[in-house]
Structure formats: structure tokens, C-alpha cells
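# Structure assessment
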Amino acid sequence: MNVPRLHPETIDQVRHAADIVEVVSDHVVLRKQGRDFVGSCPFHEDKSPSFSVSPGKQFYYCFGCGAGGNTIKFLMEFGKRSFSEVVLELAQRYQVPVKTLEGADRQALQQQLSAREQLYEILALATRFFEHALHQSPGEAALAYLQSQRQLDSSTIQQFQLGYAPAGWEVLSGYLVDQKHFPVALVEQAGLIVPRKSGGGYYDRFRDRLMIPIRDLQGRTIGFGGRTLTDEQPKYLNSPETQLFDKGKTLFGLDQARAAIVKQDQAVVVEGYFDAIALHAAGITHVVASMGTALTLDQVRQLLRYTESKQVVLNFDADAAGTKAAERAIGGIQELAYRGEVQLRVLNLPEGKDADEFLQTYSAEQYQALLAEAPLWLDWQIQQALSGQDLKQADQFHVATQQIVQLLGNLPNASLRTHYIHDCAERLSQGDSRLALQLEADLRTQVRGQRWHGRSQKWQRPADYSLREVAEAQLLRIYLHCPDYRQDICNTLNQRDLEFGLSHHRFLWRQILEVEAGMESAAPVALTNANELNYSEDDHGPVLDLVTTLRDRCTDFPQEMQQVYHLFQLDEKTQLDILRPPLIIQAAAASLERVMAEKRCRHLLKLWEEASCAGEAVPGQEPLLGHYTAILDGEQHQELADEEEYHQQLQTTANPEALRLQWLFYKEKRYLQQLDQQRYVTLPDLAQAP
């Protein structure tokens, strides 16, 4: 879109008028937390709410992916739109007068404020046109269909703005182009008219169809679904993808279901428009409909923004087509389900009915009861694998077993695998307890071969990574949340000559030292970007609020801070982890020393091998090799007597360097044993700890 340069005064007025909490709430479920609001980040797969919005600063920031900025940037990033488009939209929303730098362009700007806005206006007019036509004589059959066959009352028809497209070839195009004087090219871009193949003008895309507007989160029409009232194919005709309408990113009814999804903490996805409409009419309003395609990751992620427990229920038709649709939907999001990022369930209604048909026979309460009992997607998949199979036939038994093994092999959680292996063995055995035991063992063996080999990045880390990660995180967490023990941590690090080895922990430690140095010198510190220090009061005067200050600095270092943000928050587990700081500091320091000692052991091993290869095998060297191997294997071993014995062997061996390295290695292993004693807490330690 070619928009004249906006006057800085307009941009400033928009920035001051737009409320970031109000704007972000259109797209993210936010809840109050202290002075700020938090929610799940819309820019990445957020397992726990890490997206923070500050009304005081009019700023958002995600501690998971590092996204951050003001209201304008949020809309630019979220909608992939230009700066000018977003400013103009906010100016209209908050009634800010629009000024441009070139006065001559102002009239052109008013005439062509935004191609998108004109498309919205065209589609809004088309919606009202179809609504009006529904209540005219040509729309009598369509209205009767809604009232008799779909059993919808006037309030529901009005709520969803249902309408009728007249049967003529150029009725709508005549209204929009000839009467309302919209450019024919824009009406085509809105997906409402189609150019004739002969090149002789345009004709209406929707003719003699019941019209269902598809709306965005702001309730604006972005497309239509048209249902035939005759035998014309296709039965449902959707708008083509346009600048406003993307099937893979749109869910029908989400604008009206959003609040209910938040309240119910659950989203229900149905196949058809009328399934969603019927459920809303029955008072079950946390329901949306897919767009006739497989449920996409983008659509699921939209839903997950509004349900804290990540509950999504698929209620597709129970016939063969509906089953395949459910399987396609699961296939598109099963990675999220396996990782536990969505609690996916599948509801099949009895007698193969869809939701609309079910409600015409049964009550909303009965639907709710079935919804509450909907099985988890994996249970449903297992049932599908067993359904229709004669388990007494070897070939069918084999097919069912292999499908189950493939499903269970992808489960990353060991206890969950055990549960399902036992359950599936019971199902396959058909009540034969002895067979069930054998099947359980067989399934476990087969599932083991299907497990997530190489999928978890933790197996790609060095062996000491986890130990160092935990130890350094414990020290930093205590430093942040237990001010009385900060000096103890500094003393321990200095006395033991320790430092933070992981880059993100080194970064945080450096920020801590800079913040504290800034407090002491009361002078600007490098890299602070003029952020203010935060203080609270106690009996002794002002106290630096280290956690708040560091969080404020995060906007300067988004990539680094996203890796350490979890240290700023305490949950039930991490509160227990730092319950006795002196013991934790001792254990963490010993763990860090152990990492260093193990590195020295590996280095000594390498040097010893090189020295052994350079020397000749002589009597007396073989026992040393055997002793050394025993240490590496963790076996019980005899200590070398003492330094005197070492010196005696040193005089007799033909390879003194190998002996010296072996002796150093032995001493290092003894030191490791001492460190392990410091890493583990005994009951007397707990009794004496403050």
C-alpha cells in the first residue's frame, strides 16, 4: 500500500492514545500479575506464560523468545504489516486525526486510506446485503431452511449475520460496483466476483446460496462460506484466499468463542459451520469450526492462547470421512501432543451424528456430559487401531499391534509408556491374564525400538552439562532471592577459584556485578542503557531490588535474557531447592569443582596413554595398568600405600612419566570422592542447617 509519510505528530498521538493491554488482549489472554499482565507468547510455542505486558511502560516483552516493543511493533510483528498500516489502523480505532508531511497528499490519503480498510468495507457491505436479501422474497427458501431444518431462531441468525446470495449472475457486483462505486478490481480482491473466461466482465462468485460470514477476532468479515440450497456442487463454497482471508490461519467463530474458551479453559473444534452455530445456540459457546481443511498448527496455536490448561477437543463427524479428518488433524499437531504442549481429546458422538444432528435429538446437557468423557487422543488412536480388527486372526492381530507400537514408541515419558503398554496388553489379550503378561513384555521390547532416538537435544550435550547447569542455576537463584547469602556465594567462588562456565550464566553474573557496582558508585554503568535502579525500603534504609532491576535491563539483551528468565521466578519446587542456602551453596560449589576435576582426570588419562605408548612394557607396569583400569570401571580397589611406595616404584619402573601421571590421576579420583561427600546432604547436616 502506497501511504504518504505520516506526520510525527500523528505517530506520537497514536502512541499515547493506544493502550497496549487493550490491543494485545485482542490476540492474547492476559491475566494480572502484580503491576503487569502475563500470558502465553503469540510469537513462539510457549509452554508456560513468559509474555509480559507493562501498562505503566506501555511495553511488551517475552522472556522466552525475546520479542519486545510497543503497541505499534506488536501489531506489525503479529500481523506482518507495515508501520504505516498499523498507525493508520490505530488512528482510526482511537479517533486520532491523520496528518501527513505533504499537505497535497492528504486528500489522496483520505480517498485511499488503506486498501485493507476498503476491503473490510466492501465485505461489510456484502454482509449487510446478504442479510437483507435473506428476508426478501427470493430468500424465503433459505430462511425456511434455517428455521425448520437447522432449528435456528432469529437471534442466532442475527448473531452470526447469516444471509442469502440471490441467484442472479451480477446482483452483488451491480450493487457494489454500480451503486456503491467501488473499483471492480477491489471487489475482485475481496473474493466476491470472478472474471469471465471470455474476458467480458465479471460475475458473482456466490449465487443462490445460504451465506455465512467468516470474521476475524475484531468481528470484521474477511470471507464467506456459502451453502448450496440445491444439488449444486460443491455443497459448501468458501471465499478464495485474499489479503484478509487465510484458511489455514482462520477459525470460524473464534471472535465469539474467545471469551468462553478462556472461561471454560477448553476449546472445542467442530467440522462444519452449522455444528458451531448450533452449539452456540444451545449455550455451548467455547466452540469454533475448522475451515474444511486439516487443522493446522497455526490454528491450534491460536486456540492455545486462550486456554491455560491447553485443552483442545476435536468433535468431528463419526463417519469414515470424519474419522479421516480427525486423524489428519491429529497428524498435523501430534508433535505438540507428544510433548504435552496441547491436551488433545477426541469426541465421537453416538450413532455417527455430527453436533448439529445430535442437538436436534438430544439436549445440550447430554452433549456436555459426553464432552467431559472425551478420551485423550492417544486412547482414541489406540481404539481406532483395534476397531474392526479380529484379534483372533494372526494378520489382523499383527496389523493392530504394529499400529499400537508405532503410537507408543513416540511417547517421551517413560511412566506414560508403561501405563499404555500395560493397558494395550490387556486389550490385546482379551481377558487372558497369562497372555497379557507375555504381550506386555513383547510390547515393551518392540516399543523400545521405536523410542525417540536422537530426538532429545539433551543427549547431544556433554556429560557434565546437566551437573554444571543445575549447580550454577542454584547459586544464581540463591543470589537473586536470598540477599543474606550473597556474600557467602562470592566468598565461596573466590576461595574455590570457581566461575560460571555456561555463557548465559556468565552473562547474568556479569549483569549482577554491573548493577551492584552501579549502586555503589551511583554513576552510569556500561551497558545499562540508562535503566533506573529499583529500590525498596527496610529498617536500614533503601535496599536494591536486584530481581526487578535485572528484569528491567532485559530489554537491552533479549537473546541472552530469554535463557535465564526462569531464574527470576520461584515455583513450589524451586522454593524448596533454596530452602537451606548454606547446604545448597556447599553442594553446588562441590558440583562445579567436580566438573573441573573430571576434566582434569580426562586430561591425565590422555597424557598417560601417550606416555605409555612412548615407553616399553616392563615388569611392574602391568599392575599399574590393571589398577588404573579398575578405578575407571568404578570397582573396589587397593590404595597405593603412600608417597613412599610411589617413590620406590618410581625408581624401578622403566616409564617414570606414565607412573607419575597414573599417581596424579589416582589423587584426583580421591579428590572426587571427597567432593561427592560434600554434594550430598546427611540428616545431621539438615538438623544443624539454619
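An account of the accompanying structure is given in this report. (Residues numbered from 1 in each chain as written. Predicted model: local features only at pLDDT ≥ 70, side-chain atom pairs only at ≥ 80, totals over all residues. Heavy atoms only, no water.)

For the rest of this paragraph, the subject is the sheet that holds strand 13 (residues 287-289). If you walk across this open sheet you meet the four strands as 13-12-14-15, and the pairing is parallel. Lying at the two open borders of the sheet, with one neighbouring strand each, are strand 13 and strand 15 (343-346). Sheet twist, expressed as the average angle between the axes of neighbouring strands with direction ignored, equals 25°. Sheet topology places strand 14 (residues 311-315) next to strand 15; four bridges connect them, and they run parallel. Bridge assignment links V313 to a residue of strand 15, and that residue is R345. Against the sheet, helix 12 (residues 273-281) contacts strand 12 (267-270) and strand 13, and its axis sits at roughly 165° relative to strand 13. (Pairing = 2+ DSSP bridges. Helix = DSSP H or I, 4+ residues; strand = E, 2+ residues; numbered from the N terminus. Axes fitted to C-alpha atoms, helices over the stretch in contact; angles between N-to-C directions. Contact = heavy atoms within 4.5 Å.)

This next bit is on helix 22 (residues 486-495). When we look at burial in helix 22, the residues that qualify are R486, I489, C490, T492 and L493. For helix 22, the angular spread of buried residues about the axis comes to 165°, placing them on one side. Relative to its buried face, helix 22 has exposed residues pointing more than 90 degrees away, namely Q487, N494 and Q495. Two residues or fewer after helix 22 comes D497, characterised by a positive phi angle close to 55°. (Buried < 20%, exposed > 50% of the residue type's maximum accessible area, 1.4 Å probe, protein only. Arc of directions from axis to C-beta.)

Inspection of every chain in the model, using the stated rule, returns 13 salt bridges. Residues D356 and R150 are paired through a salt bridge, measuring 2.3 Å at the closest nitrogen-oxygen approach. With a gap of 206 residues between them, D356 in helix 15 (residues 355-361) and R150 in the loop between helix 7 (140-149) and helix 8 (154-159) connect regions that are remote in the sequence. For the pair D356 and R150, one class covers both residues: buried. Here R427 makes a salt bridge to D423, at a shortest N to O gap of 3.1 Å. Of the two residues, R427 and D423 both sit in helix 19 (residues 414-429), four residues apart, roughly one turn of that helix. We classify D423 as partly exposed; its relative accessible area is 23%. Counted as one network, the salt bridges with shared partners bring together E22, D26 and R93. (Salt bridge = Lys/Arg side-chain N within 4 Å of Asp/Glu carboxyl O.)

A separate point is unusual backbone geometry. The omega torsion across Q233 and P234 is 0°, close enough to zero to call that bond cis. Considering the arrangement of structural elements, one finds P234 in the loop between strand 10 (221-228) and strand 11 (236-238). Even without being glycine, Q151 reaches a positive phi, approximately 55°. With respect to the helices and strands, Q151 occurs in the loop between helix 7 and helix 8. With a phi close to 50°, D208 is a non-glycine residue in the positive phi region. Structurally, D208 can be placed in the loop between strand 8 (202-204) and strand 9 (209-215).

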